[in-house]
Amino acid sequence: MSTTPQVVIIGAGIVGANLADELTMRGWTRVTVLDQGPLPLTGGSTSHAPGLVFQTNAAKAMTEFATYTVDKLKGLDVDGAWCFNQVGGLEVATTPERLTDLHRKQGWATSWGVPGEVVDAEECVRLHPLLDPDQILGGFHTPTDGLAKAARAVVALRRRAEARGARFHGGVRVTGIDQTGGRVTGVRTTAGQFPADIVVSCAGFWGQAIGEMVGMRVPLLPLAHQYVRTGQVLELVGRNDEQTEAGLPILRHQDKDLYYREHVDCVGIGSYAHRPMPVSLSDLPEVDDLTESAMPSMLPFTEEDFAPSWEDSQSLLPALRSAKIETGFNGIFSFTPDGGPLIGESPDVAGFWLAEAVWVTHSSGVARAVAQLLVDGHSEIALHGCDVHRFDEIETTDAYVDETSQRNFVEIYDVLHPLQPKLSPRDLRVSPFHGRQKELGAFFLESHAWERPHWYEANAHLVKDLPAEWQPPARDPWSAMFHSPIAAVEAWKTRTAVALYDMTSLKRLEVTGSGAVAFLERLTTSKMDKSVGSVTYTLALDDAGGVRSDLTVARLASDRFQVGANGNLDLAYFRAMADPDVRIRDITGGTCCIGVWGPLARDLVQPLSRDDFSNEALKYFRCVPAHIAGIPVTAMRLSYVGELGWEIYTSAEYGQRLWDVLFEAGRPLGVVAAGRAAFTSLRLEKGYRAWGTDMTTEHNPYEAGLGFAVRKQKGDFVGRDAIADVTADTVTRRLSCLTIDDGRSVVLGNEPVYLDGVAAGYVTSAAFAHTLGMPIAYAWLPATATVGTQVEINYFGRRVRATVAAEPLVDPEMLRIRR
C-alpha cells in the first residue's frame, strides 16, 4: 500500500477543518492541522462568524461552493446539536431597482440549481412577520439557505478527521516554512518542526503573513465589519429555544447594506453600510486567553458607525423600536480585489498551497475543491475565478489590493451591471494608442487594469448613415447600460469597409528554447511541429479532459513561438510545466497589437508595405515578419471577427506611429476605430468561443464545439487519455447557438434556459448580432436540443423565446475571411 503525502494545514478554522475532513475522506490520513489559537475557538473569523449562508451568486462556482457547504453541514452535528439550521433565506427589496434585480438573482439561482422564487410583499411578511409591509415591495426567497454554526461545525469536522488519523494542535504559532530545492519540507513552529510534503495555508486574514514566509504575495485585505446583537425582542419571545436558536429565514436588506438573523429571542444585525475599516495585522492583540467576546478577530465596536444602520433596521423591523443594542463588535474578514477566494500553489515553492479569503458560506465547497486538486489533480468545479494566479502583477500590489478590496466592501450589496467597470484605480495599463483613442472619444471599460475602448464617440455621426437593416432596435434599460448604438456603426464598417481594433490587452507569451516544440506538443491538443510561419488554434486541457484554455500559437522561428493566451493563469501554468530547456516570457506589456479587419483591409495595408500581403503570399493562419511604413511588425492572418485582415504586432515604442499610419491611410476607405462592443457581437456571429465564459475546465472540447482543434493521433498530450473515447456524437450536452425570436430582447449572460418548460441550461455569451439584425446567444443545453429546437430564456422574470440555430450564423463557408 502506497504512503500518502504528509500534509500540514495552517489554520484550524472552518476552512482548515473542512480540508482535513475532505483529505482524510479520500484516504490521505497523514494530515496535521496547526493553529496559533486554542482549540476549538482559535480566534479567527470562524470564531465570530454570524453564519448566514445565502447560496445564490452571479458566479457559478461560488454558488456551487455554497450549495455543497449546505449539503455537508446539514449532515453534521455535535452530540445532537445542529451545525446547519435550514431556515431559508429572504432578500427584500425596498426600491423598484432592487426588486428588478431580485428577478435577475432568481435567474442565477435557477441556472445554478438552487430553488428560489420572487415573492410579493405579503408573502415576505408571512415568511418573516417582523417585517414592515409598508417598507417592502417584494423579496427573493430561497428555502435551502440557512444558518451555519461554524464553530460547532469545526468540532464535528475535527472529530471526523481525527477518527481517520488526522492530528490537530492548538496554541502552536507558525514561524517559518522549510524548503529544499524549491519544494516545501516542513513547517517551523513554536512547538518544533512538523515535516510536510504539502503545506496548505488556511490562515484567513493572517494568510498574508504565512505567504510572506515563502515569498508569495497574497492579495487580500483584512477589513472590519460590524455586527451587533439586540436585547430581547418581545415579538420573538417563545418562538425559539436555546437549541434551535432561529426559525425565521435569514434576512438581507441590501438597499441599506444590512442582514439579520435570530439569536433565540434577540436579533443579530450585520452591516456593510459603514466606512471601510482596513486592519493591519501588526495592530492585533496576541492570541491569548480567548473568550467568545474577546479575540483578535473581534475589534472594539464603533457605535457612531452603526447609528444610521440602527435607524434603518428599526424602520424595516418595527419590533426593534422597543429593543436596545446589547453587544457589538467590529469583526475581521478577508476581502480581495475581485471578491473571490484565493486558491492555488506557489509559483516558486512547490507543495505550498493557499485556500484563503474563504467565508463560511463557501468553506466546505472550497475545501473539497482543494482536496480534489491535491488528490486527483483537478477540481470538478472550474476554479479560474478563484485561482490565486488569475491576477496580473499590478493587481497584487499593496496599493491596488487595498483600494479595490475596500471598493468591494462598499459595493458588496450594490446592484452591479456585468459590464460595470471599476471607478478606481484607472489608467494603470494603457496601450500605445491610448492618446489617440481618447481623441476619438473612446468610452473605456476596464479589465485586469487595462483600459479597453468599448466604442468611439467619433463614430456617432455615422449612426444616421446606417442602412435600415443595420439600425439596432431600442434596448431595455438594463441591456442599454454601458452600450451605445455606435457599436452598430463599428460592426457595419468592419463588415463593409475596414476597422482598427486595439488588441493590446490580450496576453502574449513567448516560448523559446530547444525544448519549446516538445513542450507545446505536450501541453496542447494540436500538432505544433509545423513550418515556421504557421499559426495554430489549439486547446490546453487538464488531466480530466476539461478545457483549461484556448490558445493561438504562432511559430516565429524553429525554437521561438508566440502564444496568444487568455490571461495570467496561462502564464502560471506554462511556467509550472516548463522544463529547463524552455523559457517562458510575458511580452504583453512591451508589445502592442492592432487588428485590421474588413473587406478593404488589404487595400489599406498593402500600399504601406513592400511585403506581399496577397492571399497567395500570406494565407489564412500564417504569419510573417514585415514592415508597414518602415515599422517592423509581425503580421498574423487571423480574425476573431470573421473578416479579411491581420493581427499586426509591433514593439510598444512603435505603437502610436503604427496607429497613425494605418488610420491616416484608411481615411479614403472609410476606416473607423472599433471597440469591444462591436468585437463581441461579430465574434459571436462567427461562433468564436471566449474561454472562461463559454467554456471552462468543466467542459470537454467536443461539448464546447471545439473538437476540430484536437488531434488525438498526434500522440500523448495532457488530457488525451480522458477524452480518448469522446466524440461529438457521444456528448450529452453542447454549447449551442440561439437566435432570439422577437428580434429585440438582448440578454447578457447567466440567464437560465428552459427546454420543454424545464430549466435545462444557461446562457454564456450574448449580444445583438448587427449583421443579422437580431439578438443571439450561446447557451449550454442538452445534446437533444438540436437545430430548430424551441427554448425559452428567463430574463428578469420574463420568458424570451429563442431557437437553437446552426452555427456559424455568418459566412459558414469562410469565404470572407479567406479572400
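Quick caveat, the model's predicted, so the values are computed rather than measured.

**Q** How should I be thinking about the pairing of strand β19 (residues 266-271) in this particular structure?
**A** Walk down a regular strand and you will see the side chains alternate between the two sheet faces. Taking burial as the measure, the 6 residues of β19 include 6 buried ones, the bulk of the element. Alternating positions in β19 separate into two faces, C266, G268 and G270 on one and V267, I269 and S271 on the other, with burial throughout. Both strand β16 (residues 221-230) and β19 contribute to a ladder of 4 bridges, which runs antiparallel. Bridged to Q226 within β19 is S271. Where strand β18 (residues 258-263) and β19 come together, 6 bridges link them in antiparallel fashion. Paired with E262 across the bridge in β19 is V267. Connecting β18 to the antiparallel partner β19 that follows it, the hairpin turn spans 2 residues, and V264 within it adopts a positive phi of roughly 60 degrees.

**Q** Would you mind showing me how to read helix α15 (residues 568-577) here?
**A** Since there are 3.6 residues in each turn of an α-helix, residues three or four apart along the chain are aligned in direction. Buried within α15 we find N568, L569, D570, L571, Y573 and F574. Taken together, the buried residues of α15 touch β28 (508-512), α14 (516-523), β29 (535-541), β30 (547-557), β31 (560-564) and β32 (583-586).

**Q** Explanation requested: the sheet that holds β31 in the structure shown.
**A** Pairing between the strands of a sheet comes from backbone hydrogen bonds, and it takes one of two forms, parallel or antiparallel. Strand order in the open sheet formed by 5 strands is β29-β30-β31-β28-β32, and the pairing between neighbours is antiparallel. Looking along the sheet, the strands with just one partner apiece sit at the ends: β29 and β32. Along the sheet, successive strands turn relative to each other by an average axial angle of 30 degrees, direction set aside. Two strands pair when backbone bridges link them, and β28 and β31 are joined in this way by 5 bridges, in the antiparallel orientation. The partner of L509 across the bridge, within β31, is V563. Where α15 meets the sheet, it contacts β28, β29, β30, β31 and β32, and its direction lies at approximately 165 degrees from that of β32.

**Q** How should the nonpolar core be read in this particular structure?
**A** Across soluble globular proteins, you tend to see nonpolar side chains buried next to one another. I9, L19, L23, F65 and V200 are the most contacted members of the largest nonpolar core, which has 50 residues in total. Every element with two or more residues in this core is listed here: β1 (7-10), α1 (14-25), β2 (31-34), α3 (60-74), α6 (150-163), β15 (198-201), β24 (352-356) and α9 (363-376). For this core, the element with the most residues is α9, which contributes 7 residues. For L23, the contacting residues outside a window of four places in its chain are V7, I9, W28, V31, A371, L374 and V375. Counting residues in hydrophobic clusters, the runner-up holds 31 residues, among them I10, V218, L220 and A224.

**Q** Explain the packing of aromatic side chains here, please?
**A** The geometry of an aromatic ring pair is captured by two quantities: the separation of the ring centres and the angle between the planes. In total, this model carries 26 aromatic pairs according to the counting rule given. Centre to centre, the rings of Y259 and Y272 are 6.2 Å apart; their planes meet at 50 degrees, and the pair counts as tilted. Of the two residues, Y259 sits in strand β18 while Y272 sits in the loop between β19 and β20 (277-278), which places them 13 residues apart along the sequence. The same class applies to Y259 as to Y272, namely buried. In textbook terms, an aromatic cluster arises when at least three aromatic residues are bridged by ring pairs, as seen for Y227, Y259, Y272, F329, F333, F335, W359, F409 and Y413. Sitting over the face of the ring of Y68, R368 holds its NZ or CZ atom 4.0 Å from the ring centroid.

**Q** For this particular structure, what's the right way to read the environment of R575?
**A** Summarising the element assignment, R575 is placed in helix α15. Taking the C-alpha atoms as reference points, R575 and V200, separated by 375 residues in sequence, lie 21 Å from one another. The contact partners of R575, leaving out residues within four places of it in the chain, are I584 and D586.

**Q** I keep staring at the sheet that holds strand β3 (residues 52-53) and nothing clicks. Help me out?
**A** Ordered by their spatial adjacency, 3 strands build an open sheet running β3-β10-β6, and the pairing between neighbours is antiparallel. Pairing within the sheet leaves two strands with one partner each, and these edge strands are β3 and β6 (84-85). Bridge analysis of β3 against strand β10 (residues 146-148) gives 2 bridges, and the strand direction is antiparallel. From the neighbouring strand, V53 faces β10, where its bridge partner is G146.

**Q** What is the right way to look at the environment of L284 in this model?
**A** Tracing the backbone shows L284 in the loop between β20 and β21 (298-300). Note: C-alpha distance between L284 and M298 (14 residues apart in sequence) is 9.4 Å. Beyond its immediate chain neighbours, meaning those up to four positions away, L284 contacts F205, W206, V279, P296, L299 and I332.

**Q** Sorry if this is basic, but what is going on with the pattern of salt bridges here?
**A** Oppositely charged side chains can pair when the atoms bearing their charge come close. What the rule picks out here adds up to 42 salt bridges. Here D178 and R188 are joined by a salt bridge, their closest N and O atoms 2.4 Å apart. Separated by 10 residues along the polypeptide, D178 in strand β12 (residues 174-180) and R188 in strand β13 (residues 183-189) bring together distant segments of the chain. You can call D178 buried: its relative accessible area is 16%. Assessed through its relative accessible area of 36%, R188 is described here as partly exposed. Here R426 makes a salt bridge to E451, at a shortest N to O gap of 2.7 Å. With R426 in the loop between α10 (398-410) and α11 (434-439) and E451 in strand β26 (residues 450-456), this residue pair connects regions lying 25 residues apart in the sequence. The exposure class of E451 is buried, given its relative accessible area of 4%. Via salt bridges that share partners, D21, E22, R26, K72, R160 and R164 belong to a single interconnected network.

Cut-offs applied
Residues numbered from 1 in each chain as written. Predicted model: local features only at pLDDT ≥ 70, side-chain atom pairs only at ≥ 80, totals over all residues. Heavy atoms only, no water. Buried < 20%, exposed > 50% of the residue type's maximum accessible area, 1.4 Å probe, protein only. Helix = DSSP H or I, 4+ residues; strand = E, 2+ residues; numbered from the N terminus. Pairing = 2+ DSSP bridges. Contact = heavy atoms within 4.5 Å. Axes fitted to C-alpha atoms, helices over the stretch in contact; angles between N-to-C directions. Core = buried A, V, L, I, M, F, W, Y, C linked by side-chain atoms within 4.5 Å. Phe/Tyr/Trp six-rings, centres within 6.5 Å; stacked < 30°, edge-to-face > 60°. Lys NZ or Arg CZ within 6 Å of the ring centre and 35° of its normal. Salt bridge = Lys/Arg side-chain N within 4 Å of Asp/Glu carboxyl O.

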